[in-house]
Amino acid sequence: MGAPEIILIIIAILVLFGGKKIPEMMRGLGKGIKDFKAAQEPEPIPVEVKETKI
């Protein structure tokens, strides 16, 4: 893909969604990626501490 193709795609997106809708879409996309990365991280295993009397 060269520069003309990328420019054509950007123009098509602007025409389809309009200028006001694009920031909302990008915000949603960023939140989705953040949630996806957070879901991939393993949760720490809780360690139970038992008190013993000496």
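For the structure itself, consult the block above.
Before going into details, it helps to say that this report is about the structure given with it. Small disclaimer: the values here were computed from a predicted structure and weren't measured.

**A word on the pattern of salt bridges**
Here's step 1: Scanning the entire structure with this criterion turns up 2 salt bridges.
Here's step 2: Glutamate 24 is the salt-bridge partner of lysine 21, the closest N and O atoms lying 3.7 Å from each other. Note that lysine 21 and glutamate 24 are positioned in helix α2 (residues 21–40) at a spacing of 3 residues, about one turn of the helix.
Here's step 3: Relative accessible area serves as the criterion here: at 43%, lysine 21 is assigned to the partly exposed category.

**Focus on helix α1 (residues 3–17)**
Here's step 1: Under the 1.5 Å per step criterion, the end-to-end length of α1 is 21 Å for 15 residues, consistent within 8% with the ideal 21 Å.
Here's step 2: Immediately beyond the C-terminal end of α1, within one or two residues, lies glycine 18, with a positive phi of roughly 80 degrees.

**Overview of the environment of isoleucine 6**
Here's step 1: For isoleucine 6, the position within the fold is in helix α1.
Here's step 2: You can call isoleucine 6 partly exposed: its relative accessible area is 41%.
Here's step 3: Note: C-alpha distance between isoleucine 6 and alanine 38 (32 residues apart in sequence) is 31 Å.

**Describing a nonpolar patch on the surface**
Here's step 1: Together, Met1, Ile6, Ile9, Ile10, Ile13, Leu14, Leu16, Phe17, Met25, Met26, Leu29 and Ile33 make up an exposed nonpolar region whose accessible area comes to about 1,200 Å².
Here's step 2: Here the nonpolar patch gets 7 residues from one element, more than from any other, and that element is α1.

**A look at the environment of methionine 1**
Here's step 1: Along the chain, methionine 1 falls in the segment before α1.
Here's step 2: Measuring from C-alpha to C-alpha, the distance between methionine 1 and isoleucine 45 comes to 46 Å, with 44 residues separating the pair along the chain.
Here's step 3: Excluding residues that lie within four positions of it along the chain, methionine 1 makes contacts with Ile6 and Ile9.

**Some words on the packing of α1 against α2**
Here's step 1: Interaxial distance between α1 and α2 falls to 9 Å at its minimum, and their mutual angle equals 105 degrees. Accordingly, the angle class assigned to the pair α1 and α2 is roughly perpendicular. Here Ile13, Leu14 and Phe17 of α1 lie close against α2, whose contacting residues are Lys21, Ile22 and Met25.
Here's step 2: In terms of residue class, the contact of α1 with α2 is built from 5 nonpolar, no polar and 1 charged.

Procedures and definitions
Residues numbered from 1 in each chain as written. Predicted model: local features only at pLDDT ≥ 70, side-chain atom pairs only at ≥ 80, totals over all residues. Heavy atoms only, no water. Salt bridge = Lys/Arg side-chain N within 4 Å of Asp/Glu carboxyl O. Helix = DSSP H or I, 4+ residues; strand = E, 2+ residues; numbered from the N terminus. Buried < 20%, exposed > 50% of the residue type's maximum accessible area, 1.4 Å probe, protein only. Expected span 1.5 Å × (residues − 1). Patch = residues over 30% accessible without salt bridge, like charges linked within 9 Å, V, L, I, M, F, W, Y side chains within 5 Å. Areas by Shrake-Rupley, 256 points an atom, 1.4 Å probe, with all protein chains shown as cover. Contact = heavy atoms within 4.5 Å. Axes fitted to C-alpha atoms, helices over the stretch in contact; angles between N-to-C directions. Parallel < 35°, antiparallel > 145°, perpendicular 65-115°, else oblique. Nonpolar A, V, L, I, M, F, W, Y, C, P; charged D, E, K, R; others polar.

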